Amino acid sequence: MLNTYTSFKLLYYALDSIFDETKEEELGEFCSNMNPFIFADEGSADPAIYSNYKKQFEERFNKECSISEAYEFAKEYLNKEVDIYAKHAVDAFSRVSLEDWTNAANNMND
């Protein structure tokens, strides 16, 4: 099971990995704003990003969900975002398979 913050970090890792491959400037900006490792507590570099993610996640799942539910939620979450940076994130996330997501989630728990 994944909690809110772990699923958020997993989404960040997925998008940042694609940015490392593509170096797409808009995706890089989104990842920079989404970065969950800037501050010591749970959150993101732009606090509104994690706050919005957390609100939507917890409305849907309360506190935890399965790996596959987090994957589907991540797709839906990104599709709800309307700014140009999120469009690049949606395009990038479409390259992440459920298998890749699951492997990354399992590696986070090791």
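Look up: the structure comes first, before these words.
Keep in mind that this is a model prediction, so the values were computed, not measured.

Explanation requested: the packing of helix α1 (residues 4-22) against helix α2 (residues 25-34) in the structure shown.
Between two packed helices, both the angle of their axes relative to each other and the distance between the axes serve to describe the pair. At their nearest, the axes of α1 and α2 sit 9 Å apart, and the two run at 150° to each other. On the basis of the axis angle, α1 is roughly antiparallel to α2. Where α1 crosses over α2, the two elements pack in a sense that is left-handed. Across from Phe8, Leu11, Tyr12, Leu15, Asp16, Ile18, Phe19 and Thr22 in α1, the residues of α2 making contact are Leu27, Gly28, Phe30, Cys31 and Met34.

What am I meant to see in the pattern of salt bridges here?
Any two side chains of opposite charge can pair if their charged atoms end up close together. Tallied over the entire structure, the rule returns 4 salt bridges. In this structure, glutamate 59 engages lysine 55 in a salt bridge whose closest nitrogen and oxygen atoms are separated by 3.4 Å. You can see glutamate 59 and its partner lysine 55 sitting in helix α3 (residues 47-61), 4 residues apart, about one turn around the helix. Lysine 55 shares its class with glutamate 59; the two are exposed. Here lysine 75 makes a salt bridge to glutamate 72, at a shortest N to O gap of 3.4 Å. One end of the pair, lysine 75, and the other, glutamate 72, are both in helix α4 (residues 67-80), 3 residues apart, so they sit about a helical turn from each other.

The rules behind each value
Within each chain, residues carry numbers counting from 1 in the order of the written sequence. The predicted nature of this model means local features are confined to residues of pLDDT at least 70 and side-chain atom pairs, given and counted, to a pLDDT of 80 or more, with totals for whole chains, interfaces and linings taken over all residues. In computing side-chain values, all of the structure's heavy atoms are included and hydrogens and water are not. Here an axis means a line fitted to C-alpha atoms, over the contact stretch when the element is a helix, while the angle between two N-to-C directions is reported on a 0 to 180 degree scale. Elements are defined by DSSP. Helices are runs of H or I of four residues or more, strands are runs of E of two residues or more, and each kind is numbered from the N terminus. Reported orientations rely on four angle classes, namely roughly parallel under 35 degrees, roughly antiparallel over 145, roughly perpendicular from 65 to 115, and oblique for the rest. Whether a crossing is left-handed or right-handed is set by the direction in which the near helix is turned from the far one by less than a right angle, anticlockwise for left-handed and clockwise for right-handed. Contacts were defined at the residue level, with two residues in contact if any of their heavy atoms lie within 4.5 Å. Salt-bridge detection follows one rule: a side-chain nitrogen of Lys or Arg within 4 Å of a carboxyl oxygen of Asp or Glu. Think of it in three bands: with a 1.4 Å probe and only protein chains considered, a residue is buried below 20% of the maximum accessible area for its type, exposed above 50%, and partly exposed in between.

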